[in-house]
Structures are given as structure tokens and as C-alpha cells.
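# Report on the structure
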Amino acid sequence: MSEGRDLGRGVKVFRIMQAATGAILWIGSALDPLTALDAMARAAGFRDRTRIPSHLRAGGLHVEEVEV
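Residues numbered from 1 in each chain as written. Predicted model: local features only at pLDDT ≥ 70, side-chain atom pairs only at ≥ 80, totals over all residues. Heavy atoms only, no water.

Another point: the pairing of strand E1 (residues 12-18). Most of E1 sits inside the fold, with five of its seven residues counted as buried. Strand direction decides the pairing type here: E1 and strand E2 (residues 24-30), joined by six bridges, are antiparallel. Bridge assignment links phenylalanine 14 to a residue of E2, and that residue is glycine 28. Between the antiparallel neighbours E1 and E2 lie five residues, among them glycine 22 with a positive phi of about 80°. As judged from the six bridges shared by E1 and strand E3 (residues 61-66), these two strands associate in the antiparallel manner. Paired with glutamine 18 across the two strands is leucine 61, which belongs to E3. (Buried < 20%, exposed > 50% of the residue type's maximum accessible area, 1.4 Å probe, protein only. Helix = DSSP H or I, 4+ residues; strand = E, 2+ residues; numbered from the N terminus. Pairing = 2+ DSSP bridges.)

Take a look at the structure:
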């Protein structure tokens, strides 16, 4: 994970991609990579990252911090 800039309150910007395809699934702010996955899941209508469908998780999800 690359070093990103802190937005003042510990919140950073993350990009989540499907590792197998490189498709960007979500970009947004979160405290850390796991809360970024939870935020992506909630934005897609799921309770949390554990409910992300297996076809989206297939090949892995890549979370990286984005410089802003």
C-alpha cells in the first residue's frame, strides 16, 4: 500500500479494485483498508465486507491508499 495523505482526522482516501481485472470498484474515504472495504460493501447495499459476493471477491480485492 502506498503512503497517502491524512485528511486531518485520520481519514484517508482508498481505491478498491478487483485484482484479477483491474476494475475499480470504489474510491472513497475511510480510516483504514478494512473500513474502506466495509464502506464499499455498504455503498453497494451489503451489510459489510463479509457479504461481498464471491464473484466480486474472486481473484482478490486490492485496496490501495490514494494520494490526494
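So that's the structure; there's more coming.
This prediction gives the chain a mean pLDDT of 88; 87% of its residues lie at or above 70. Counting interchain partners and residues more than four positions distant, the pLDDT-below-50 stretch residues 1-7 has 19 contacts. (pLDDT = per-residue confidence, 0-100. Contact = heavy atoms within 4.5 Å.)

With that settled, consider the sheet that holds E3. Read from one edge of the open sheet, three strands run E2-E1-E3, paired in antiparallel fashion. The sheet is open, and its two borders are formed by E2 and E3, each paired with just one other strand. Averaged over neighbouring strand pairs, the angle between their axes works out to 20° when direction is ignored. (Axes fitted to C-alpha atoms, helices over the stretch in contact; angles between N-to-C directions.)

Turning our eyes to something else, we now look at the side chain of aspartate 38. You can see aspartate 38 is positioned in helix H1 (residues 33-43). On the basis of relative accessibility, which here comes to 16%, the residue aspartate 38 falls in the buried class. Discounting residues that sit within four places of it in the chain, aspartate 38 has contacts with Asp48 and Arg49.

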